[in-house]
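# A structural walkthrough
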Amino acid sequence: MGSKILVADDDNNICELLKIYLENEGYEVVTANDGVKAISSFKIYEPDLILLDIMMPRKDGWQVCREIREISSKPIIMVTARGEVFDKVLGLELGADDFITKPFDTKEVAARVKAVLRRYSGHDNDDSEVIRFDNLEISLQKYELKLAGKVVDIPPKELELLYFLTSNYNRVFTRDQLLDKVWGFDYLGDSRTVDVHVKRLREKLEGKSDKWTLKTVWGVGYKFELLQQ
C-alpha cells in the first residue's frame, strides 16, 4: 500500500467517498467521524497526511489541528464548507498546510494530497545541499530545520518558504512571487497565506542570531537579509 491517509469528517458519505477514491489511487485510508476519534486515530494509526473537516462534533477541526500540531508536523489539509478567508488564515496559523472547500471534486482532493505528500517527502528534490547561516541549518532533502544545533519541528510549507528565501538571501520577493515559487501556480489561496507563514517563521527564528533576519520590506514583500557586522 501507499501512504496512509486519515480522513476526519462527520459526514459518513464524504468519508466513504474519499476512502473509496483514495484507495483506488493506491493510498491506505482510515476514517473518523468526530474530533475525539480523529485524535485517537492519529495517535494509533500514525498517518502520513490528515484530511480534516472543520465542523465536527465533540472537537472541531480547529482543536484537532491544534492538538496534532503539539505532537506532530505531519501535513494537514483542512476541509471547509465555508471557504472564508478568516477560516484559511486561522487554519494556517494553527499549522494547516492546505485548504479544500466543499463541495469539492475527488480528483482535486487526490491532486492536493499527492502534491502535499510530495513536498513533505522531498522526493521531487534531488538537491542535497544544506543551507547554513549563523545558528541556522536547513535541509530540504531531509525536510529538517536546525536552530543553534537543535532540530526544530516545522510544517513542510514553512520549511519550503524559509529554504526559498535563504537560497535567495538579500533579494526581495512580493507575496505573489512567493505564492508562485513556493505554493505553485495552481494554489487557490490568497497573499495573506504568505503573511501567516512568515509570522510563524519569525516566532521560531526570534533571537536565534544577530547576523540575519527575516525582514518585511513595506509595500513590497519579504526577504532573508544578512546583516552587516
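Up top is the structure these notes are about.
Residues numbered from 1 in each chain as written. Predicted model: local features only at pLDDT ≥ 70, side-chain atom pairs only at ≥ 80, totals over all residues. Heavy atoms only, no water.

## Topic: the overall build of the protein
Note the threshold: Only runs of H or I of at least four residues qualify as helices and only runs of E of at least two qualify as strands under DSSP, and these elements are numbered from the N terminus. Exposed residues in this analysis have more than 50% of their type's maximum accessible area, buried residues have under 20%, and partly exposed residues fall in between, with area computed by a 1.4 Å probe over protein chains only. Every residue pair with non-hydrogen atoms within 4.5 Å of one another is taken to be in contact. Throughout, the Shrake-Rupley method with a 1.4 Å probe supplies accessible areas, and for residues the shown protein chains are the sole cover considered.
Scanning the protein from terminus to terminus reveals eight helices and twelve strands. The buried share among the 229 residues of the protein stands at 48%. Within the protein, contacts between residues at least 6 apart in sequence are counted, and of these 57% link residues at least 24 apart. With the model as given, the accessible surface of the protein reaches about 11,400 Å², and the carbon-plus-sulfur share is 47%.

## Here's the deal with the nonpolar core
For the record, the criterion: Only buried Ala, Val, Leu, Ile, Met, Phe, Trp, Tyr and Cys residues count toward a nonpolar core, and they belong to the same one when joined by side-chain atoms within 4.5 Å.
The biggest cluster of nonpolar side chains holds 27 residues, and the ones touching the most others in it are Leu136, Leu145, Leu161 and Leu178. Secondary structure elements with two or more residues in this core: strand 7 (136–139), strand 8 (144–147), helix 6 (156–167), helix 7 (175–183), helix 8 (192–205), strand 11 (212–217) and strand 12 (221–226). Here this core takes six residues from helix 6, the largest share from any one element.

## Some remarks on the side chain of Asp98
What counts here: Here a polar contact means two N or O atoms within 3.5 Å. Within protein one must be a hydrogen donor candidate and the other an acceptor candidate, and residues neighboring in sequence count only if both atoms are side-chain atoms.
If you trace the backbone, Asp98 turns up in strand 5 (residues 98–101). Side-chain polar atoms of Asp98 contact the side chain of Arg112, separated by 3.2 Å.

## Structural notes on unusual backbone geometry
Omega for the peptide link from Lys102 to Pro103 comes to -5°, which places this bond in the cis form. The residue Pro103 is located in the loop between strand 5 and helix 5 (106–121) in this model. Positive phi, close to 60°, is recorded for Asn135, a residue that is not glycine. Note that Asn135 resides in the loop between strand 6 (130–133) and strand 7. A positive phi angle, close to 55°, is found at Ala148, a residue other than glycine. Here Ala148 shows up in the loop between strand 8 and strand 9 (150–152).

## A closer look at the environment of Gln177
Tracing the chain through its elements places Gln177 in helix 7. Sequence separation between Gln177 and Gly221 is 44 residues; the distance between their C-alpha atoms is 9.1 Å.

## Some words on the pattern of salt bridges
Working definition: two side chains of opposite charge can pair if their charged atoms are close together. Defined as follows: A pairing counts as a salt bridge when a side-chain nitrogen of Lys or Arg comes within 4 Å of a carboxyl oxygen of Asp or Glu.
By the definition in use, this model includes 15 salt bridges. A salt bridge links Asp9 to Lys102, with the shortest nitrogen-to-oxygen separation between them at 3.0 Å. You can see Asp9 sitting in the loop between strand 1 (4–8) and helix 1 (12–24) and its partner Lys102 sitting in the loop between strand 5 and helix 5, a full 93 residues away along the chain. For Lys102, a relative accessible area of 19% translates into the label buried. As a salt-bridge pair, Asp195 and Arg175 come within 2.7 Å of each other at their nearest N and O atoms. Here Arg175 lies in helix 7 and Asp195 lies in helix 8, a separation of 20 residues in the sequence. Several salt bridges converge on common partners, so that one network encompasses Asp9, Asp53 and Lys102.

## Section: empty space enclosed by the protein
Sizing a probe to match a water molecule and rolling it over the atoms shows the empty space that remains. For clarity, the cut-off: Of the grid points, spaced at 1 Å and generated over the protein atoms alone, those admitting a 1.4 Å probe that cannot get out make up cavities, while open sets with protein on both sides within 12 Å along at least five of seven lines make up pockets; any residue with an atom within 4 Å of a point is treated as lining. Grid points are joined across faces, edges and corners, and a volume is the space filled by probe spheres set on the points. Just so you know the grouping, Ala, Val, Leu, Ile, Met, Phe, Trp, Tyr, Cys and Pro go in nonpolar, Asp, Glu, Lys and Arg go in charged, and all remaining residues, Gly too, go in polar.
This model, assessed by the stated rule, comprises one cavity of 30 Å³ or more. Of the voids in this model, the largest cavity is the one considered here, and its volume is about 40 Å³. Of all the secondary structure elements, the ones that give two or more residues to the lining of the largest cavity are strand 1, helix 1 and strand 3 (49–53). Per-element accounting of the lining of the largest cavity gives the leading share, three residues, to strand 3. For the lining of the largest cavity, a count of residues per class yields eight nonpolar, no polar and two charged.

## Some points on the packing of helix 7 against helix 8
The test is simple: Inter-axis angles, ranging from 0 to 180 degrees, are taken between N-to-C directions of lines fitted to C-alpha atoms, where helices are fitted over the stretch in contact. Just so you know how the angles are binned, under 35 degrees is roughly parallel, over 145 roughly antiparallel, 65 to 115 roughly perpendicular, and the rest oblique.
It is the contact of helix 7 with helix 8, at a shortest axis distance of 9 Å, that shows an interaxial angle of 80°. The angle between the axes of helix 7 and helix 8 places the two elements in the roughly perpendicular class. Contacts between helix 7 and helix 8 involve Arg175, Leu178, Leu179 and Trp183 from the first element and Thr193, Val194, Asp195 and His197 from the second. Here the residues of the contact of helix 7 with helix 8 are counted per class, giving four nonpolar, two polar and two charged.

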